[in-house]
Amino acid sequence: MKIKFLIFVLALGLFSACEKDEPVYIPNSIISELGDEKVWVVNEGGFQNGNASLSIITKDSEAIQNNVFDQINNKKLGDIFQSVAFYGESAFLVINNSGKIEKVNRFNLEAEGTIEGLTSPRYFLAVSESKAYVTDLFEKAISIVNTQTFEITGKLKTSGWTETIKMFQGKIYVLNASKSMIYTLDAVNDVLSDSTEIGLPNPNSFEMDVDGNIWVLCGGESWNNLNGGLVKLDGNLKKLATIPFSNLSSGSHLVKTLDGDSLYFLYEGLKKMGVNQTSIPSINYVETPTGVNFYSLGIQPITGTIFLGDAVDFVQNGKVYQYSASGILKNEFESGINPGRFYFD
Amino acid sequence: MKLRVIILFVLLLLMHTSFEGFAQKIDSTITIKPFEVVENRWNIFTAGTKKQNLKSTVLLDEPTANLADLLNQNSQVFVKYYGMGSLATTSFRGGSASHTAILWNGINISSPFNALIDLSLIPAGFMDEISLNYGGAGGLWGSGAVGGAIHLRDNHQLNKGVSVEIGTSVGSFGSFSAFAKAGFSGKKSSHKIGFLSQSAENNFEYFNPYSNKNELLKNAQLKNQAIYSSHQFFINSKNHFNISAWFQNTNREIPPTFIEKNSKTNQADQSIKISSQYTKRFNKKLGLFVRGGYINEYLEYNDSIRSIYSYNYANKAVGEAELIFDKNQHAFNFGLNGAFADALGENYLSQGNQKNIAAFVGYRFISKNKKLNLAANVRQAQQNKKVVPITYFFGADYKVFDWLKLYGNVARVYRLPAMNDLYWTPGGNSNLLAEDGFTEEIGFSIKLDEVFEKFSFENKMTIFNRNMQNWIAWVPNGAIWSPQNFLEVWSRGTETYTSISFKSNKLTVRLNLNTSYVLSTNERSNAANDASLGKQLIYVPLYTGNLNAEIGYDKFNLIYQQQYAGYRYTTTDNAQFLLPYNISNLAFGYKVTIKSVILNSSFKINNLLNTNYQMVLNRPMPLRNYQVSLTIKYRKK
């Protein structure tokens, strides 16, 4: 009796854990025709998880294709996908924590080479077939890179964290996020000049409007009790106006409409503001779905179609909402992890 | 020739000091009388819980092993390593790393910063006893005893004479350890001191799936020194005083992950820990225990690539007084506990501090026929004047036969927010509540000694359930992350322990098997698109198991170890995961005794099958590697 029971217990002990635990694995769909006028969705991925990915929403907006870079090039994109920049027939994918930039063909996304050895690259601006600038979070310098030989050819010393870099009317502007400054960059002599203090903390994005004025969006520093807001400067970086946020909520993703008379940005939802307005609109342009915090924003320049990303809990696949220019919800897509930015062909 | 081969392969030996010693350890929790050990709550008020005396179940005796390695190979606790020589944390029954209470001589030694402890830095060889209390017992052990509690203890005895032990081990990737321990126990006092020094380069080669080639791990050096000292003074038969001090200094480089080209990060940890206890025995029934503890931690982190340099200090002082009355069937206790901590440094804009106080009472009943043992404990805690829900523990053991015991308990458990949760700049949330929840478990244990004369068999099986609420999660709040009492987590599962042994004159064969099945799922979400609802928590494997097998013959022994962990998810929607791993080790030992000197040598092959695996995403683990150890023990009465 005792022995039988013993055998039973032993069997129970040994085999109580035999249920299958294999996760359901959904293979990525085969890449269909990507076409032109794609929407590039930058999925940042999780820090040190190496799961950054590129998603593409095709022109007709019928479908999203995830993990496109990995599938086409048969290699992993890397850790923390920060931004995309286009130049001619190439696109440059800035992979922040991998310290690299992947150059790909803009149409078929095939890898054309990698610029490695950067510290913590954020944004990229190509000024010629071979020369480009890369801003950096930790390097305290803007790197000058050669996009043909894939070498770092020089460093432009800065103080602190350089963020967005853009060219408007032939002039290059750069944000310094940690010092809250905006500079112009002379691409002939590789020098920074005309630095202006923005006045609000944490500038993260800027645009030039129809009047040639520059709008800088500052995220604020809630932990130091400092509000963010919008700062308007003229093309020569003379400060014209400051419109602070009314509370400590963070703002990001400033985008202008094609004609440059209105600005979109995220601040407690999606805001749309005319460039002649003097205060932050109190109502959202589209209603934020319950339980969603918009993490990113992109506007298709020609159609005005609005793309909004939801990172959910930042540790799972995100969601992308597509609205028409007039604010009607058209589509929802499942993206990769942390959809942080949108780019348009 | 053939015979020799057979002897070599089949015959082995026990690496424990002696079999008597082993047996004594097993029985210690049963036979020891009240007031003779340092921490009595463990012996008197823990009916209905599953306990494991870790050191007695360890087959492979490695004096320089750390607690993480011992738990990983010999318990049902899942240990998560960030790499070789790196941070190692626990998950007890699907809980978080801060859901394990670690008590050293009765003092909770979890870090005031983050309420957890790096198990890879605990020198297990200096601890006389390491006991695990599976399951939640907040009423007994206070904050953090949610998934389980680990008790580290010094055990002093009088008139044991002088003992000296020195040892060293040398292994692959530049690993070197040396230790020395000395003990003296006389008529009135007992003393132990120990010193441990470890260093390793950890510069192993691994396959990098991102670059598709083999790479050499860089910036992975470890240097660790520990000094340990423990004393007991028997003032007279009614008054004892114990004091232990433990100093540790660790410098670690943090290697790059697969995706980082290189790393120039290093971390320095320094800690001073002191525990003391004054025991006053009024008579045979009544005793008073006054405990005091102090912890000082310094943590420095330097990442020269990202220009991050930070340093933080924390101090914690613990005081506890406990009165125990134990007479025949009934026992009672009553106690007060106060823990005061402060943190200072770059990430604490203003000095953060915590005042945690608690009162606890307990009752134990043993039936006349000694078959039934009941325990009830209630604890009321408060943090910074904020009252934590009252916690309790009710447990029962029932001996159906001498060889079969049934046990079960219900408990309410809690975990207080740590200094980082409350005061970290930016993001800390000083309004956080304690995490709290309910646990239940039932189980049985079978112990058959000397069935068929030479065989012994032991089996334990437990089914548990736990529902936690107000689980603290750091969630983005605009640009910064901030902790919130947010998640609800439901954990449930089974654990088994099976041990079979055969012992004859010179031959010993033993086999220990641990398995666990843990479902730990997220039950709450505020987010509309949250696919994590109902899904397994990240880094909690559904299945884990380990096996230790030993064949010993006379002076030789051969030990085989195996560890398995199933899929571990790395995203909350369970879309990404790490593959299961199955790692085996093989050790060969030889022991000789010359008068009062015991010489112990061993050769160990880790990761015998050269398996490529990851415990934490993108952090490489070493392939096959080797280790040679030698220890010399001397003992004189």
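Below, the structure is looked at part by part. Residues take numbers from 1 onward in each chain, read along the sequence in its written order. In the order they appear in the text, chains get letters beginning with A and ligands get numbers beginning with 1. For this predicted model, a pLDDT threshold of at least 70 governs which residues receive local features, and a threshold of 80 or more governs which side-chain atom pairs are given and counted, while totals over whole chains, interfaces and linings are taken from all residues. To get the side-chain values, take all heavy atoms of the structure and skip hydrogens and water.

### Thoughts on the overall build of chain A
- Helix and strand definitions here come from DSSP, where helices need a minimum of 4 consecutive H or I residues and strands a minimum of 2 consecutive E residues; each element is numbered from the N-terminal end. Regarding its fold elements, chain A presents two helices and 27 strands.
- By the convention used here, residues are in contact when the closest approach between their heavy atoms is within 4.5 Å. Contacts in chain A between residues far apart in sequence, at least 24 positions, make up 43% of those at least 6 positions apart.
- Each accessible area is a Shrake-Rupley estimate made with a 1.4 Å probe; only the visible protein chains count as cover when residues are assessed. Total accessible area on chain A stands at roughly 14600 Å², and carbon and sulfur atoms take up 51% of it.

### So, the pattern of salt bridges
- Throughout this description, the term salt bridge denotes a Lys or Arg side-chain nitrogen within 4 Å of a carboxyl oxygen of Asp or Glu. If you walk through the whole model with that rule in mind, you get 33 salt bridges over all chains.
- A salt bridge links R106 of chain A to D345 of chain A; its shortest N-O distance comes to 3.2 Å. In this pair, R106 of chain A sits in the loop between β6 (100-105) and β7 (111-115) while D345 of chain A sits in the segment after β27 (339-344), placing the two residues 239 residues apart along the sequence.
- Between buried and exposed lies partly exposed: a residue is buried under 20% and exposed over 50% of the maximum accessible area for its type, with that area taken using a 1.4 Å probe on protein chains only. The buried category is assigned to R106 of chain A, whose relative accessible area is 17%.
- D345 of chain A gets classed as partly exposed once you look at its relative accessible area, which sits at 27%.
- Between D436 of chain B and R412 of chain B there is a salt bridge, with its nearest N and O atoms 2.6 Å apart. With D436 of chain B in strand β24 (residues 435-451) and R412 of chain B in strand β23 (residues 404-415), the pair connects residues that are 24 residues apart, well separated along the chain.

### Section: empty space enclosed by the protein
Residue and element names in this part refer to chain B.
- Detection works on a 1 Å grid of protein atoms alone, calling trapped sets that fit a 1.4 Å probe cavities and calling open sets with protein on both sides within 12 Å along at least five of seven lines pockets, with lining residues defined by an atom within 4 Å of a point. Grid points are joined across faces, edges and corners, and a volume is the space filled by probe spheres set on the points. Taken as a whole, this structure holds eleven cavities of 30 Å³ or more when the rule is applied.
- Taken as a whole, the largest cavity encloses approximately 930 Å³ of empty space.
- Along the wall of the largest cavity there are 45 residues; nearest its centre are N66, D69, M84, N606 and Q627.
- Among the elements that take part in the lining of the largest cavity, helix α5 (residues 67-74) stands out by supplying five residues, more than any other.
- Ten residues, namely Ala, Val, Leu, Ile, Met, Phe, Trp, Tyr, Cys and Pro, are considered nonpolar, four, namely Asp, Glu, Lys and Arg, are considered charged, and the remaining ones, Gly among them, are considered polar. Among the residues forming the lining of the largest cavity, the class breakdown is 17 nonpolar, 25 polar and three charged.
- The calculated volume of the second largest cavity comes to roughly 470 Å³.
- Lining the second largest cavity are 37 residues, and of these N108, S143, K316, A339 and N356 lie nearest its centre.
- Only β4 (100-104), β5 (107-108), α6 (138-141), β17 (308-327), β18 (330-345), β19 (348-366), β20 (372-383) and β23 provide two or more residues apiece to the lining of the second largest cavity.
- Taken together, the residues of the lining of the second largest cavity sort by class into 19 nonpolar, 13 polar and five charged.

### Here's the deal with the sheet that holds strand β20 (residues 251-256) of chain A
All names here are of chain A.
- Strands sit in the order β20-β21-β22 across an open sheet of three strands; the sheet is antiparallel. Among the strands making up the open sheet, the edge pair consists of β20 and β22 (270-274). Shown here is a sheet whose adjacent strand axes are inclined to one another by a mean of 25°, direction ignored.
- Two strands make a pair as long as DSSP finds a minimum of two bridges between them. Both strand β21 (residues 262-267) and β22 contribute to a ladder of five bridges, which runs antiparallel. Fitted lines through C-alpha atoms give the axes, limited to the stretch in contact for helices. The angle between two N-to-C directions lies from 0 to 180 degrees.

### A short note on the nonpolar core
All names here are of chain B.
- Counting 39 residues, the largest nonpolar core has L67, L119, I130, I150 and L152 as its most contacted members.
- Those elements that place two or more of their residues in this core are α5, β2 (78-81), β4, β6 (129-134), β7 (148-153), β13 (222-236) and β32 (581-594).
- It is α5 that provides the largest number of residues to this core, a total of four residues.
- Apart from residues lying up to four places away in sequence, I150 is in contact with L67, L71, T90, F92, T100, A101, I102, L103, L119, I130, S131 and L132. As used in this record, nonpolar core signifies buried Ala, Val, Leu, Ile, Met, Phe, Trp, Tyr and Cys residues forming a set joined through side-chain atoms within 4.5 Å.

### Things to note about α5 of chain B
- The element α5 of chain B is largely enclosed, with a buried count of seven among its eight residues.
- Within 3.5 Å is the distance limit for a polar contact, defined as a pair of N or O atoms, with the added protein rule that one can donate a hydrogen and the other accept it, and that residues adjacent in sequence qualify only through two side-chain atoms. For α5 of chain B, the N-terminal cap is N66 of chain B; the gap from its side-chain oxygen to the backbone nitrogen of A68 of chain B is 3.0 Å.

### Details of the pairing of strand β13 (residues 171-176) of chain A
Residues and elements named next belong to chain A.
- By the criterion of burial, β13 is predominantly enclosed, with five of the six residues buried.
- Judged from the five bridges that link them, strand β12 (residues 162-168) and β13 form a sheet pairing that is antiparallel. Pairing of I165 across the sheet is with V174, part of β13.
- Here β12 folds back onto β13, and the loop between the two strands holds two residues, one of which, Q169, carries a positive phi near 50°.
- Pairing geometry for β13 and strand β14 (residues 181-186), over five bridges, is antiparallel. The residue of β14 that forms the bridge with I172 is L185.
- Between β13 and β14, which follow one another and run antiparallel, lie four residues, and S180 among them has a positive phi close to 55°.

### Considerations on the sheet that holds strand β16 (residues 203-208) of chain A
All names here are of chain A.
- The strand order β16-β17-β18-β19 describes an open sheet built from four strands, whose pairing is antiparallel. In this open sheet, the two strands that pair with only one neighbour each are β16 and β19 (239-244). Neighbour to neighbour, the strand axes of the sheet diverge by 15° on average, direction disregarded.
- Summarising the sheet, strand β18 (residues 229-233) and β19 pair through five bridges and their orientation is antiparallel. In the sheet register, K232 faces β19, and the bridge partner there is A241.

### Overview of the interface of chain A and chain B
- Contacts between chain A and chain B engage 49 residues on the former and 53 residues on the latter.
- Buried area is a sum: the accessible area each of two parts loses on coming together, probed at 1.4 Å, counted once for each and added. Here chain A packs against chain B, burying approximately 4300 Å² in sum over the two surfaces, 62% of which is carbon and sulfur.
- Connecting chain A to chain B are one salt bridge.
- In this structure, E116 of chain A and K261 of chain B form a salt bridge, with 3.3 Å as the shortest nitrogen-oxygen distance.
- Put simply, chain A and chain B have 19 residue pairs in polar contact (both at pLDDT 80 or more) between them.

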